[in-house]
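Coordinates in review
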Amino acid sequence: MAKSSKGKGAISDKAKNWLWLLLSLAAALALWTLLSVLPNTSRSFPNVIVVLQQIPVMIERNVLFKDISSSLISVGLGYLLGFVIALPVAILMAWYNPFRRIVEPWIQFIRNIPPLAYVPLIVIAAGVGRKPQVIVITIATFLIMCITIYQGIINIDETLIKAARVLGAKDKDIFLRVLAPASLPFILTAVRLGASVALTTLIAAESTGAFAGLGMRIRSLNNNFETAPMLLYIIIIGIIGITVEKLIKLLERKLTGWQEKREI
Amino acid sequence: MAGEKRDIKVIIDDVRKTYMGRTGEVVALNGVSLDIRANEFVTVVGPSGCGKSTLLNIIAGLLEPTSGKVICNGVEVHGTGMDRGVVFQQYALFPWLTVKKNVMFPLNMKGIKGQEAEDLAMKYIRLVDLEKFADHYPKELSGGMKQRVAIARAYAAEPEILLMDEPFGALDAQTRTQLQQELLNTWEREMKTCFFITHDVDEALILGQRVIIMSARPGRIKEIVDIDIPYPRNQETKMTPRFLELKNHIWSQVYQEYLEVRK
Ligand SMILES: Nc1ncnc2c1ncn2[C@@H]1O[C@H](COP(=O)(O)OP(=O)(O)OP(=O)(O)O)[C@@H](O)[C@H]1O
Ligand SMILES: [Mg+2]
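Residues numbered from 1 in each chain as written. Chains lettered and ligands numbered in written order. Predicted model: local features only at pLDDT ≥ 70, side-chain atom pairs only at ≥ 80, totals over all residues. Heavy atoms only, no water.

1. A closer look at the overall build of chain A
Check the secondary structure of chain A and you find eleven helices and zero strands. Each helix and strand of chain A, placed in order from N terminus to C terminus, yields the pattern α-α-α-α-α-α-α-α-α-α-α. In terms of principal-axis extent, the alpha carbons of chain A reach across some 70 × 55 × 30 Å. Partitioning the contacts of chain A with sequence separation of at least 6, the portion at a separation of at least 24 is 73%. Accessible surface for chain A amounts to roughly 15,600 Å². Of this, 70% is attributable to carbon and sulfur atoms. Between the averaged position of the 27 positive side-chain charges in chain A and that of its 14 negative side-chain charges there is a distance of 1 Å. (Helix = DSSP H or I, 4+ residues; strand = E, 2+ residues; numbered from the N terminus. Contact = heavy atoms within 4.5 Å. Areas by Shrake-Rupley, 256 points an atom, 1.4 Å probe, with all protein chains shown as cover. Lys, Arg positive; Asp, Glu negative; His and termini not counted. Charge placed at Lys NZ, Arg CZ, Asp CG, Glu CD.)

Have a look at this one:
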């Protein structure tokens, strides 16, 4: 749909993009610095240098790497599980109407409830520690990925299936050579949306009495009004988020470059 | 079975098709019967919604008739078969496959693999004059080129019967004329049986040996017109008195149906 200006006039365009990005970063730093001197906001936003100084401090306290790895493990596990469940459920929903009729309303219903609301129930059922964190992230990522993949599958152009049949494809060929590649873009979109949901659910997941983790640490730092390390942790979550998204986008370009139009 | 029956490739025998729509039953086809001879080129015209695509899909085996039957090469049609190829209006190319891989698809389905499949595919790609684009993806092609790939892919399956549903409908006049000419050339050379749906009376006349005029509501055959203009036909054919006479006749018939639909 959109005019693709990407790929053409490559070098100057790329340089321009980087320049704009740098400018955006500089503007953000300026804004941050402004917030750090204004009397109303200076308590919440210590300046850049103070925040950066928290890196060695948190390493010293022996928590920074533990928090990052703990969160990544929870997010990674929950996300992986969410995907592994979402894919077959989405396929089943697309393939077998009664199943969809029963299950889809549940998914739509639960999807609109903020995870934080049902976290206590999960803790009561699953206890504290890694388990409830993974469960919360699994649920949240499953919901979004299942819906996205299902929508993709049912929107596959039916004439492609007809064309394949006419060209001699059996059910197995249709599945492997038409449905699978045709739904790949949606699966990748689901993977991207799922990753973002996994991270945004982190705080809720780690409110389950976690012993470490980025989200858990932010809450405990909050109790002591330690805003500098809090801000550092918030920024780390942001950096992880954008890195994961960029990596998935790269994968999308590699795997689905054949696509006519690219969705958001 | 004996005599001229042997020449009949497709028998459409009193085919009825009703759809269950939201507002009740829709009769798409109401008793259509037609014999198509081997190597014959028939074209089908009729107002929108008169059941042309439905009929094609039934012959292709993509739809089951509600009653009646289609017999192809003496065998009743149930499901698709490699003896019948289809070219869809929307091209229906696999966007994740290159031109060459698209054309190789039916070959792979037949169990032809590797270099042999590639060579064969290239032969068909050359037929439609696209060898320069063999490694391109469909999104990099124009509409006319896409349709040529779709035709090459249909040919690669080596069907005896080609079913085409407004294959040139989305193309500009020049490309359309060029593809018509190419199609006629290959048809004369390879002698396939063609069933070709179009909205364009000129197209129906320049291609077909017989033009089937369908009537709307309920969808059935209104008239079959023999086009007694010898091949090869080209653009000049369109100026001949006989062509114009036939065109006038078919036009008025189709127009009448069109008015019926509007009522
Ligand atoms: N899947 C369907 N469900 C319900 N009704 C259908 C379905 N497919 C077609 N119809 C109806 O059947 C009739 C014939 O449709 P068909 O597509 O065969 O017409 P057509 O002659 O090919 O029209 P066009 O020239 O516009 O392509 C139409 O009235 C249409 O609304
Ligand atoms: Mg149609």
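2. A few points about the overall build of chain B
When you go through chain B residue by residue, the secondary structure sums to seven helices and ten strands. Sorting the 263 residues of chain B into buried and exposed places 54% on the buried side. A fraction of 69% describes how many contacts in chain B between residues 6 or more apart in sequence connect residues 24 or more apart. Within the structure as shown, chain B displays about 12,000 Å² of accessible surface, and the carbon and sulfur contribution to it stands at 49%. Once the 34 positive and 35 negative side-chain charges of chain B are each reduced to a mean point, those two points are 4 Å apart. (Buried < 20%, exposed > 50% of the residue type's maximum accessible area, 1.4 Å probe, protein only.)

3. A look at the site of ligand 1
Residue and element names in this part refer to chain B. Within the structure, ligand 1 sits among Y19, V26, A28, S48, G49, C50, G51, K52, S53, T54, E166 and H199. At 3.0 Å from an oxygen atom of ligand 1 is found a main-chain nitrogen or oxygen belonging to G51. One nitrogen or oxygen atom from the side chain of T54 is found 2.5 Å from an oxygen atom belonging to ligand 1. When ligand 1 is considered free in solution it has 630 Å² of accessible area, and contact with the protein chains removes 61% of it. Of all the secondary-structure elements, those providing two or more residues to the shell around ligand 1 are β2 (24–37) and α1 (52–60). (Near = heavy atom within 4 Å. Polar contact = N/O pair within 3.5 Å; in protein donor to acceptor, adjacent residues only side chain to side chain.)

4. Some words on the sheet that holds strand β4 (residues 67–72) of chain B
All names here are of chain B. The four strands are arranged β2-β1-β4-β5 in an open sheet whose pairing can be described as antiparallel. With one partner strand each, in any of the chains shown, β2 and β5 (75–76) form the two edges of the open sheet. The pairing of β4 with β5 spans two bridges and is antiparallel. If you follow C72 over to β5, its bridge partner there is V75. Against the sheet, α1 engages β1 (8–21), β2 and β4, with an angle of about 120° to β1. (Pairing = 2+ DSSP bridges. Axes fitted to C-alpha atoms, helices over the stretch in contact; angles between N-to-C directions.)

5. Quick look at the side chain of K192 of chain B
All names here are of chain B. With respect to the helices and strands, the residue K192 is situated in the loop between α5 (173–190) and β8 (193–197). Here K192 falls in the buried class, since its relative accessible area comes to 10%. Excluding anything up to four places from it in sequence, K192 contacts N39, E40, Y155, E158, P159, E160, L162 and W187.

6. Some thoughts on the packing of aromatic side chains
Residues and elements named next belong to chain B. Under the defined criterion, the tally for this structure stands at nine aromatic pairs over all chains. Taking 6.1 Å as the distance between ring centres and 45° as the angle between the ring planes, the aromatic pair formed by F41 and F196 counts as tilted. Here F41, found in strand β3 (residues 41–45), pairs with F196, found in strand β8; they are 155 residues apart in sequence, far enough to count as distant. This pair shows no difference in class: F41 is buried, exactly as F196 is. Ring geometry for W187 and Y231: centres 4.9 Å apart, planes at 55°, overall tilted. Of the two residues, W187 is situated in helix α5 and Y231 in the loop between β10 (220–226) and α7 (241–262); the sequence distance between them amounts to 44 residues. Three or more aromatic residues joined by ring pairs make a cluster, and in this case those are F41, F168, W187, F196 and Y231. Directly above the aromatic system of F94 lies the positively charged group of R153, at a separation of 4.8 Å from the ring centroid. We note R233 situated over the ring of Y231; from NZ or CZ to the ring centre the distance is 3.9 Å. (Phe/Tyr/Trp six-rings, centres within 6.5 Å; stacked < 30°, edge-to-face > 60°. Lys NZ or Arg CZ within 6 Å of the ring centre and 35° of its normal.)

7. A look at the state of the cysteines
Residues and elements named next belong to chain B. Scanning the entire structure with this criterion turns up zero disulfides over all chains. Free of any disulfide, C50 has its nearest cysteine sulfur in C194, 20 Å distant. With no disulfide of its own, C194 has C72 as its nearest cysteine by sulfur position, at a separation of 13 Å. According to the relative accessible area criterion, C194 is buried, its value standing at 1%. (Disulfide = S-S within 2.5 Å.)

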